[in-house]
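For reference, the chains in residue letters:
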Amino acid sequence: MDFSFSDDQVLLRDTARAILSKECPPSLVRAHIDDPAAVAPLWSQLKDFTALGDGPCTDLCLFIDETGYVAAPGVFFPTTAMFAPLLAALDHELLPSVLSGEVTGTVAVAGADGHWTLNDEPVKTFVPEADRVDWIAVVDTGPTVRVLPAADVATRQTRMVDFSRLFFEVDTTGTPGSGVGLDPAVFNDLTARATAALAAEMVGTSRRLLEMAIAYAKERIQFDVPIGSFQAIQHRLAECSLAVERATAAAQYASMTLDASDAELSSSQERFRAVHVAKAAAGNAATRAAKDSIQVHGGIGYTWEHDLHLYLRRAVGSEHWLGTTSWHHDRLADLLFKAR
Amino acid sequence: MHLTWGPEEVAFREELGAFLDEHVPPEFERGFDYAGEGGEVGDDGQLDADNIIPDWARRWQATLFDHGWMIPAYPPELGGRNATLVQTLVYLEELARRRVLRSFHYPGYGIVSPSLLEFGNEEQKKLVPAAVRGDTIWCIGMSEPNAGSDLAGLQTRATRDGDRFIVNGQKVWTSYAMVAQKCFVYVRTDADVPKHKGISLLIVDMDTPGIEVRPLRHLSRSAGFAEVFFTDVEVPAENIVGEVNDGWRITQGSLAHERAGLWVEGVCRLDASVLSLIDVAQRRGLDQDAGVRRDIATMYEQASSLRALGYKGFASFAQGSSAPEHSYMKMATSEMGKAACEYGMQLQGAYGPVMDPERGEENGRWVNYFFMSFANTIAGGSSEIQRNIIAQRVLGLPRS
Ligand SMILES: Cc1cc2nc3c(=O)[nH]c(=O)nc-3n(C[C@H](O)[C@H](O)[C@H](O)COP(=O)(O)OP(=O)(O)OC[C@H]3O[C@@H](n4cnc5c(N)ncnc54)[C@H](O)[C@@H]3O)c2cc1C
């Protein structure tokens, strides 16, 4: 067991941090609200890293965590955490051009109920960035996969509280082609991978929210002292940081178990347990950090002008995507009670 | 970044396993996933209130020592086998997995030994093997009636008189004082300097004239700790550990020792408790209840993310950097452990508080552990103090 990062991984994280803090300031996240094309300069940097989509999950998650810290909008997440691994599993001819950053894609699974479970409904919901990408992989019962040019399907944006990630309904009625079969176990692994990546992303968002609260608590003076010297604030933030630290470790552990071979794990269920734990811990951390951070900021945190809500929105949106915290707790319970 | 143990750790675990298979006393089969301080829970579900360190537990500790398994990281002469940090982790997990305690009294091996090895002189270091083997029982005299969380406010005085110190004052909540041969007594040696700067540490023999021990029962009824009164107690000057007025630095060291090793045990106990909640739910016919399932899964999520956090802290610790993760572990494992015990009682409904071996379940195990769990959220720095520490030392918020 070794939870430390290699020098290469530290370098990757530092590189991600440097690029994202420069290319994805809050002003870009705001500009994207009215004009999604505002992400172009950010994408021109991120496209050099799409090869992470076909590498170890730990490396991908390290990078994605940093995109969560800045609430990066755009196609990086669906392309690397969802589309590329699916193409790799299919040994699809598009994979090289995705890994080189020339081509982007997203994945459509959920039906009307919004759950990421296999179905044969023609309209798929909560498909991220469907109008920005080049390709949409549609997964139906089987599972079978069709990789369709995005231009060939009708999309309708679902307006969401989170402006930094755009979701669409994708209507595949009348689209051509029969699907390619996929091993159900492979589909489950791909789902786990996307979920682990989302957990890592949410950890980044949580850390941002907590750091903003800590910084403000040190600087805001009331009753002649920094509010961070009040124990009520200290204890709130201590508990909040525990939630964030737990989620960080859980997300890291989940990505490690996804990279591990079966033989290296205590049981084949460990991978799924770890992913449910990670997403639930991250959901808890993200919403908690958002609530605590706004509370600590007082009135200023309630304004549109302040950047906090950009990350609050991302936190709330992510918590509800790919399974809420409660949903993951329930799936975890299924595994635990069955195993016992 | 690896997930598994290397061949060295696997071999180490096998050797340990073989030793444990052969030597673990049968008494452990009754289960000790929460107990530790304050006696043993017998078959009847009752604490054996007066026998706080049973003979079999003393023999077990000596056996561990004699086979180099008491503190594996120590050299053989101190009851170890020069184990690596990672091997130590394997060791602690294996003991916890089997629900086996090393010892029924942690002060000697957990606090006194590391402190003497770090701060003691050559003569004092000679006390270590007996402390680790459990041949000498130690107690720790830190807290006083007016100095609990604010330890630096302690008032027990030691005045230098030729080649000895004269000690006067009172300690309280001193665990094991009624059975201990020696005590680490923190005393005030200078009242005219800021309070952290006038504290020293003395090694005091408990049979020195002028010491009076008045046992206090724990809320669980066991004879767990005591008040200790010092009236003109003469202590040889060479019994001071470290320099005069340098005691505060040692308290910081010994508390760190206490915390660093404890998280593994804390997390393993928490894991074990959460998994046994599933058994309780099944026996009570509540395993299909959506609320119960979700509650238990939530606790499992907390326990396993904490374990991951412990590993993460361990990894940075092993690489020589300080590990803020450790500050979180004590607070979180103790609080969550308490919550898990309380939930166990909830699942038992009306039978939650029953401690009747012929009625109810598990001889009141959950309520016993619930009662004991307060020790963990109060002793060794309360949860509130831990939050202060996290806020100020980890998050860097200003002191109040
Ligand atoms: C089972 C057990 C075994 C023990 N064994 C030993 C032993 O062997 N040797 C020894 O020396 N001591 C021992 N102790 C004592 C223990 O270290 C103290 O109880 C502990 O430090 C708390 O001190 P106190 O009891 O005086 O509580 P107090 O310090 O009076 O605290 C009372 C309450 O106030 C809160 N509080 C205090 N200060 C603050 C603050 N700054 N901010 C927020 N809240 C605060 C505390 O968290 C607590 O909730 C033991 C205690 C227990 C329960």
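Structure: above.
Residues numbered from 1 in each chain as written. Chains lettered and ligands numbered in written order. Predicted model: local features only at pLDDT ≥ 70, side-chain atom pairs only at ≥ 80, totals over all residues. Heavy atoms only, no water.

A. Broad picture of the sheet that holds strand S1 (residues 105-108) of chain A. Residues and elements named next belong to chain A. Taken together, the 4 strands give an open sheet; going across it, the order is S1-S3-S4-S7, and neighbouring strands pair in mixed fashion. Every other strand in the sheet has two partners, leaving S1 and strand S7 (180-181) as the edge strands with one partner each. For S1 and strand S3 (residues 135-140), the ladder comprises 4 bridges, and the chain directions are parallel. Paired with Thr-106 across the strands is Ile-136, a residue of S3. Strands in contact with helix H5 (residues 76-90) are S1, S3, strand S4 (144-149) and S7; relative to S1, the strand with the most contacts, it is inclined by about 80 degrees. (Pairing = 2+ DSSP bridges. Helix = DSSP H or I, 4+ residues; strand = E, 2+ residues; numbered from the N terminus. Contact = heavy atoms within 4.5 Å. Axes fitted to C-alpha atoms, helices over the stretch in contact; angles between N-to-C directions.)

B. Layout of the environment of B:Gly6. Residues and elements named next belong to chain B. Among the secondary structure elements, Gly-6 is positioned in the segment before helix H1 (7-23). Look at Gly-6 and you get partly exposed, because its relative accessible area is 21%. In this structure the C-alpha to C-alpha distance between Gly-6 and Val-274, which are 268 residues apart in sequence, comes to 29 Å. (Buried < 20%, exposed > 50% of the residue type's maximum accessible area, 1.4 Å probe, protein only.)

C. Region of interest: the site of the ligand. What surrounds the ligand is a group of 19 residues, the closest being A:Gln231, B:Ser143, B:Ser149, B:Ser382 and B:Glu384. Near the ligand, residues from chains A and B are present, making the site a shared one. Measuring from a nitrogen atom of the ligand, one finds a side-chain N or O atom of B:Asn388 at 3.2 Å. Listing elements by their share of the shell around the ligand, those giving two or more residues are helix H10 (365-378) and helix H11 (383-394) of chain B. Looking at the shell around the ligand, the element that brings in the most residues is H11(B), giving 3 residues. Here the residues of the shell around the ligand sort into 8 nonpolar, 9 polar and 2 charged. (Near = heavy atom within 4 Å. Polar contact = N/O pair within 3.5 Å; in protein donor to acceptor, adjacent residues only side chain to side chain. Nonpolar A, V, L, I, M, F, W, Y, C, P; charged D, E, K, R; others polar.)

D. Representation of the packing of helix H8 (residues 231-259) of chain A against helix H9 (residues 270-297) of chain A in the model. All names here are of chain A. Running from amino to carboxyl end, H8 crosses H9 at an angle of 155 degrees, the nearest separation of the two axes being 8 Å. Here H8 lies roughly antiparallel to H9, going by the angle between them. Remark: the crossing between H8 and H9 carries left-handed chirality. Considered class by class, the residues forming the contact of H8 with H9 number 20 nonpolar, 3 polar and 7 charged. (Parallel < 35°, antiparallel > 145°, perpendicular 65-115°, else oblique. Left-handed = near helix turned anticlockwise from the far one by under 90°.)

E. Structural context of the pattern of salt bridges. Residues and elements named next belong to chain B. Tallied over the full model, the rule gives 39 salt bridges over all chains. The salt bridge partner of Asp-205 is Lys-182, with a shortest N-O separation of 2.6 Å. Here Asp-205, found in strand S5 (residues 199-205), pairs with Lys-182, found in strand S4 (residues 182-188); they are 23 residues apart in sequence, far enough to count as distant. With relative accessibility at 17%, the residue Lys-182 sits in the buried group. (Salt bridge = Lys/Arg side-chain N within 4 Å of Asp/Glu carboxyl O.)

F. Quick peek at the nonpolar core. A:Leu237, B:Phe184 and B:Ile296 are the most contacted members of the largest nonpolar core, which has 226 residues in total. Broken down by element, the residue count for this core peaks at 18 residues, all from helix H7 (residues 184-219) of chain A. The contacts of B:Ile296, once residues within four sequence positions are left out, are A:Phe337, B:Val274, B:Leu277, B:Ile278, B:Ala281, B:Tyr343 and B:Leu347. (Core = buried A, V, L, I, M, F, W, Y, C linked by side-chain atoms within 4.5 Å.)

G. Focus on the interface of chain B and chain A. With 46 residues of chain B in contact, the opposing surface of chain A contributes 46 residues. Both faces considered, chain B and chain A share a buried interface measuring about 4300 Å² in area, 66% of it formed by carbon and sulfur atoms. Taken together, the connections running from chain B to chain A amount to 4 salt bridges. The closest approach of N and O atoms between B:Glu301 and A:Arg246, which form a salt bridge, is 2.9 Å. Remark: the boundary between chain B and chain A carries 14 residue pairs in polar contact (both at pLDDT 80 or more). The set of elements that each furnish at least two residues to the side of chain B that touches chain A consists of helix H7 (247-283), helix H8 (290-318), helix H9 (325-347) and H11 of chain B. At 16 residues, the largest contribution of residues to the side of chain B that touches chain A is made by H8(B). Looking at the side of chain B that touches chain A, its residues break down into 23 nonpolar, 13 polar and 10 charged. (Buried area = accessible area lost by both parts, 1.4 Å probe.)

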